[in-house]
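# Examination of the molecular architecture
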Amino acid sequence: MSTNIVKQDYNVNVKQRREQNKHNSKLIWFTGLSGSGKSTLANQVEVYLHKQGKKTYVLDGDNIRGGLNKDLDFTPEGREENLRRIAETAKLFIDAGVITLAAFISPMQKDRDKIREIVGKENFIEVFVNASVEACEKRDVKGLYKKARAGKIPNFTGISAPYEKPENPTIQINSDFESIEDSIKRIIKVINPELELPNHE
Ligand SMILES: Nc1ncnc2c1ncn2[C@@H]1O[C@H](COP(=O)(O)OS(=O)(=O)O)[C@@H](OP(=O)(O)O)[C@H]1O
Ligand SMILES: Nc1ncnc2c1ncn2[C@@H]1O[C@H](COP(=O)(O)OP(=O)(O)O)[C@@H](O)[C@H]1O
């Protein structure tokens, strides 16, 4: 535990960064089963925003778990710490004026509530990428469901570990039935007004 910490104020603040960028900075959080479509949608929404000249960055499960969080496993405690660190990272990106898109299974409501609390509810947009286990298993993008069914991956979400559906997401996508193009359009419609410059008064 760190003690005797005194917060340092910076000369350039988030308001000035947002004004220079001419857009707001928020966290767009994609939650859902493995294979539901989180990475696909986060990446495509980033492409759209980037083309508009906005400052963006994507944080994605497999990439963060290969670096910053490579010491963590998929137990409930491992996931909790994974998501806490990602939320703290996203908070820094938001402060840096960057629109941050995060794609993590984040299966537990309590962990998602903690993320919202860390970044501030005014900065948090939750996208629930809803897909059935059956559809994800049929896609089996990375062959992980096959391995999990064979008992080769412990604590696999949807098979041997739980996924709690979000209680009140900002947007819900049904990727079993919806095309990628339609999902992207619906997300963009909701986030565009949220990314306009805020009134800091
Ligand atoms: N046991 C188990 N359960 C679920 N997923 C597993 C597991 N082991 C490895 N993987 C791979 O890790 C990716 C999910 O990591 P996350 O950091 O998003 O998970 S979590 O939010 O901490 O629950 C996940 O990526 P996505 O398929 O993009 O969701 C998998 O590639
Ligand atoms: N509406 C949709 N949104 C996102 N992905 C979709 C949709 N419909 C079908 N898919 C397909 O589902 C798969 C999702 O894979 P991926 O984005 O890697 O999932 P995740 O990041 O959640 O593990 C891709 O093959 C994608 O083409």
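Residues numbered from 1 in each chain as written. Chains lettered and ligands numbered in written order. Predicted model: local features only at pLDDT ≥ 70, side-chain atom pairs only at ≥ 80, totals over all residues. Heavy atoms only, no water.

Going by what an unreviewed UniProt entry lists, the protein is known as Adenylyl-sulfate kinase and is assigned to Haloflavibacter putidus. Recorded in UniProt for the protein, the comment headed Catalytic activity (unreviewed entry) runs: "adenosine 5'-phosphosulfate + ATP = 3'-phosphoadenylyl sulfate + ADP + H(+)". Of the comments in the UniProt record for the protein, the one headed Pathway (unreviewed entry) reads "Sulfur metabolism; hydrogen sulfide biosynthesis; sulfite from sulfate: step 2/3." (UniProt positions renumbered as here; feature names shortened; annotations may be inferred.)

### Examining the packing of helix α4 (residues 76-95) against helix α5 (residues 109-119)
At a minimum axis separation of 9 Å, α4 and α5 run at an interaxial angle of 25°. When the interaxial angle is binned, α4 and α5 end up roughly parallel. Crossing geometry of α4 relative to α5 is assigned as right-handed. Contact with α4, carried on its side by Glu80, Leu83, Arg84, Ala87, Glu88, Ala90, Lys91 and Ile94, involves Lys110, Asp111, Lys114, Ile115, Ile118 and Val119 of α5 and no other residues of that element. (Axes fitted to C-alpha atoms, helices over the stretch in contact; angles between N-to-C directions. Helix = DSSP H or I, 4+ residues; strand = E, 2+ residues; numbered from the N terminus. Parallel < 35°, antiparallel > 145°, perpendicular 65-115°, else oblique. Left-handed = near helix turned anticlockwise from the far one by under 90°. Contact = heavy atoms within 4.5 Å.)

### A few points about the nonpolar core
One finds Ile28, Phe30, Val127, Ile187 and Ile191 to be the most contacted residues of the largest nonpolar core, which totals 20 residues. Put simply, the parts of the chain that give this core at least two residues each are β1 (27-31), α2 (38-51), β3 (99-103), β4 (124-130), β5 (171-174) and α8 (180-194). Sequence-distant contacts of Ile191, that is, excluding residues within four places in its chain, are made with Ile28, Val45, Leu49 and Ile125. Among the nonpolar cores identified, the runner-up in size contains 15 residues, and Ile64, Ala87, Ile94 and Phe124 belong to it. (Core = buried A, V, L, I, M, F, W, Y, C linked by side-chain atoms within 4.5 Å. Buried < 20%, exposed > 50% of the residue type's maximum accessible area, 1.4 Å probe, protein only.)

### Things to note about the sheet that holds strand β2 (residues 56-60)
With parallel pairing, five strands are arranged side by side in an open sheet as β2-β3-β1-β4-β5. Strands at the two margins of the open sheet, each flanked by one partner only, are β2 and β5. Pairs of neighbouring strands in the sheet enclose a mean axial angle of 15°, with direction left out of account. Against the sheet, α8 engages β1, β4 and β5, with an angle of about 170° to β5. (Pairing = 2+ DSSP bridges.)

### Considering the site of ligand 2
Of all residues adjacent to ligand 2, which total 16 residues, the nearest are Gly35, Lys38, Ser39, Thr40 and Glu178. Residue Gly37 places a main-chain N or O atom 3.0 Å away from an oxygen atom belonging to ligand 2. Thr40 is positioned with one of its side-chain polar atoms (N or O) 2.4 Å from an oxygen atom of ligand 2. Residue assignment for the shell around ligand 2 shows that the elements contributing at least two residues are α2 and α8. With four residues, α2 is the single largest residue contributor to the shell around ligand 2. A breakdown of the residues in the shell around ligand 2 according to their chemical character gives four nonpolar, nine polar and three charged. (Near = heavy atom within 4 Å. Polar contact = N/O pair within 3.5 Å; in protein donor to acceptor, adjacent residues only side chain to side chain. Nonpolar A, V, L, I, M, F, W, Y, C, P; charged D, E, K, R; others polar.)

### Comments concerning the site of ligand 1
If you check the shell around ligand 1, you find 21 residues, and the closest are Ser34, Arg65, Arg79, Asn82 and Lys142. Contact between ligand 1 and Lys38: an oxygen atom at 2.9 Å from a side-chain N or O atom of the residue. Relative to its unbound accessible surface of 630 Å², ligand 1 loses 92% to contact with the protein. In this structure, ligand 1 is accommodated by the largest pocket. For the shell around ligand 1, the secondary structure elements donating two or more residues are α3 (61-65) and α4. Residue classes in the shell around ligand 1 are distributed as nine nonpolar, seven polar and five charged. (Areas by Shrake-Rupley, 256 points an atom, 1.4 Å probe, with all protein chains shown as cover. 1 Å grid on protein atoms, 1.4 Å probe; cavity = no way out; pocket = protein on both sides within 12 Å on 5 of 7 lines; lining within 4 Å. Sits in = over half its atoms within 2 Å of the grid points.)

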